[in-house]
Amino acid sequence: MVRRHRRERRQRVRKSAQIQLADFDRYEFYQKSVQSPEEDVLFLERVYRELKGRDPAHLREDFCGAFALSCAWVRLQDHYRASGIDNDPDPLDYGKTHYLAQLSQDERDRLVLSEQDVLEGPLPGADLVCALNFSYFCFKQRPVLLRYFRSVYASLNEGGLLFLDCFGGSKCCEPNEEETEYEDEQFSYFWDQDSFDPVTNFAQFYIHFKRYGEKKREKVFSYDWRMWSIPELRDLLTEAGFSRTHVYWEGNDEDGEGNGEYSRVSEGEPCEAWVAYIVAEK
Ligand SMILES: C[S@@+](CC[C@H](N)C(=O)[O-])C[C@H]1O[C@@H](n2cnc3c(N)ncnc32)[C@H](O)[C@@H]1O
């Protein structure tokens, strides 16, 4: 009798935890905190035009997750096509129900998704390939990252571009946690660098969220990465066959803070924390 009572209680507890989890949509909070696909596609289009003197058509989003960027791409122009690749069915399924469903039939017809490891070719051809939100940092060994870059090179259309983002700065060489408050949305986003090893440049990161009035939800996303530097990446890209690489660095506003506008540079500037883009030309 006592045991049965306990079991029922455990089931009730489990059920209420499920309701709470279902109520919290981690991809929605991720999207609100770290993604701006509508702005990103304009940057990709501008840089492609700047470097190639013509319009791109086909974008491939490697490590696409819920493929918000691919959706924004097919919305940008009515002849633009996109391919999204991710090896995890969970974010892909989320994107299908939440983002794909919002596209018109014509937009959907120009978007192809594939549940696949980006290291396992063949990969679809494209004018530009993106590996954004630092996803390729999961490749912690040089030969593995080189293999990925070689495979992107082989798959790109003639003259195609690879876009990578990268981050660094003195603050990334030690554990630290940064809170960003989204007052309008009533929640906080936390970017937690849990560790950094200067011998390997391996680092562990977490994303936490806290809705106002609720307890903090720890480790909602976690990333076991190697912090790659810009010169290491440029050397690897050259070794993989890319003819030229470019660095796009963020400009400053009047307070000396990043203004979200990126331009091609040959030199950067030391800052506590920076985000830059590397663009490699086939
Ligand atoms: C940091 S998330 C980035 C998601 C999205 N690109 C963005 O900008 O927010 C990394 C994604 O890469 C995927 N991933 C990790 N290793 C992969 C691999 N070897 N092949 C394909 N996808 C991979 C994960 O499933 C995850 O969805």
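Residues numbered from 1 in each chain as written. Predicted model: local features only at pLDDT ≥ 70, side-chain atom pairs only at ≥ 80, totals over all residues. Heavy atoms only, no water.

Thoughts on the site of the ligand
Point 1. Lining the immediate surroundings of the ligand are 17 residues, of which Tyr30, Phe63, Asp86, Asp117 and Val118 lie closest.
Point 2. A distance of 3.0 Å is found between a nitrogen atom of the ligand and a side-chain nitrogen or oxygen belonging to Asp117.
Point 3. One of the backbone nitrogen or oxygen atoms of Val118 is found 3.0 Å away from a nitrogen atom of the ligand.
Point 4. Contact with the protein chains hides 83% of the accessible area of the ligand, taken as 600 Å² for the molecule alone.
Point 5. Tallied by class, residues from the shell around the ligand come to eight nonpolar, six polar and three charged. (Near = heavy atom within 4 Å. Polar contact = N/O pair within 3.5 Å; in protein donor to acceptor, adjacent residues only side chain to side chain. Areas by Shrake-Rupley, 256 points an atom, 1.4 Å probe, with all protein chains shown as cover. Nonpolar A, V, L, I, M, F, W, Y, C, P; charged D, E, K, R; others polar.)

Considerations on helix H4 (residues 68-76)
Point 1. Extensive coverage of H4 is indicated by the burial of seven of its nine residues.
Point 2. The inward-facing, buried residues of H4 abut helix H3 (37-52), strand S1 (58-62), strand S2 (81-86), helix H6 (105-109), strand S3 (111-115) and strand S4 (126-131). (Buried < 20%, exposed > 50% of the residue type's maximum accessible area, 1.4 Å probe, protein only. Helix = DSSP H or I, 4+ residues; strand = E, 2+ residues; numbered from the N terminus. Contact = heavy atoms within 4.5 Å.)

Describing a negative patch on the surface
Point 1. Taken together, the side chains of Glu179, Glu181, Glu183 and Asp184 define an acidic patch exposed on the protein surface.
Point 2. The residue Glu181 is located in strand S6 (residues 176-182) in this model.
Point 3. We classify Glu181 as partly exposed; its relative accessible area is 48%. (Patch = residues over 30% accessible without salt bridge, like charges linked within 9 Å, V, L, I, M, F, W, Y side chains within 5 Å. Salt bridge = Lys/Arg side-chain N within 4 Å of Asp/Glu carboxyl O. Lys, Arg positive; Asp, Glu negative; His and termini not counted. Charge placed at Lys NZ, Arg CZ, Asp CG, Glu CD.)

Regarding the sheet that holds strand S12 (residues 274-281)
Point 1. Taken together, the eight strands give an open sheet; going across it, the order is S3-S2-S1-S4-S5-S12-S10-S11, and neighbouring strands pair in mixed fashion. Single-partner strands in this sheet number two, and they are S3 and strand S11 (258-265). Between one strand and the next, the sheet's axes are offset by a mean angle of 20°, whatever the strand orientation.
Point 2. Strands in contact with H3 are S1, S4, strand S5 (156-168), strand S10 (244-252), S11 and S12; relative to S5, the strand with the most contacts, it is inclined by about 130°. (Pairing = 2+ DSSP bridges. Axes fitted to C-alpha atoms, helices over the stretch in contact; angles between N-to-C directions.)

Some points on the pairing of S10
Point 1. Looking at chain direction, S10 and S12 are connected through five bridges and run antiparallel. Opposite His246, over in S12, you have Val279 as the bridge partner.
Point 2. Strand direction decides the pairing type here: S10 and S11, joined by five bridges, are antiparallel. Following the sheet pairing, Trp249 is matched in S11 by Ser263.

A closer look at the pattern of salt bridges
Point 1. Evaluation of the coordinates by the stated rule reveals 20 salt bridges.
Point 2. In this structure, Lys32 and Glu185 form a salt bridge, with 3.1 Å as the shortest nitrogen-oxygen distance. With a gap of 153 residues between them, Lys32 in helix H2 (residues 26-34) and Glu185 in the loop between S6 and strand S7 (187-196) connect regions that are remote in the sequence.
Point 3. A salt bridge links Glu214 to Arg211, with the nearest nitrogen and oxygen atoms 3.2 Å apart.
Point 4. Taken together, the salt bridges that share partners define one network made up of Asp23, Arg211, Glu214 and Arg217.

So, the packing of H3 against H4
Point 1. As a packed pair, H3 and H4 sit with axes 9 Å apart at the nearest point and diverge in direction by 65°. Once H3 is placed against H4, the crossing between them reads as right-handed. Contact residues: H3 offers Pro37, Glu38, Asp40, Val41, Leu42, Leu44 and Glu45, while H4 offers Ala68, Leu69, Ala72, Trp73 and Leu76.
Point 2. Of the residues contributing to the contact of H3 with H4, the split by class is nine nonpolar, no polar and three charged. (Left-handed = near helix turned anticlockwise from the far one by under 90°.)

Focus on the domain arrangement of the protein chain
Point 1. On domain assignment, one finds that the protein chain holds domain 1 (33-169 + 228-281) and domain 2 (177-225).
Point 2. One C-alpha centre belongs to domain 1, the other to domain 2, and the line joining them spans 23 Å.
Point 3. If you look at the interface, domain 1 gives ten residues, while domain 2 gives nine residues.
Point 4. Roughly 810 Å² of surface becomes buried between domain 1 and domain 2 when both sides are summed, with 63% attributable to carbon and sulfur atoms.
Point 5. Area buried by domain 1 at its contact with domain 2 is led by Ser33, Lys140 and Phe167, which between them contribute 60% of it. (Domains from an automatic or database assignment. Buried area = accessible area lost by both parts, 1.4 Å probe.)

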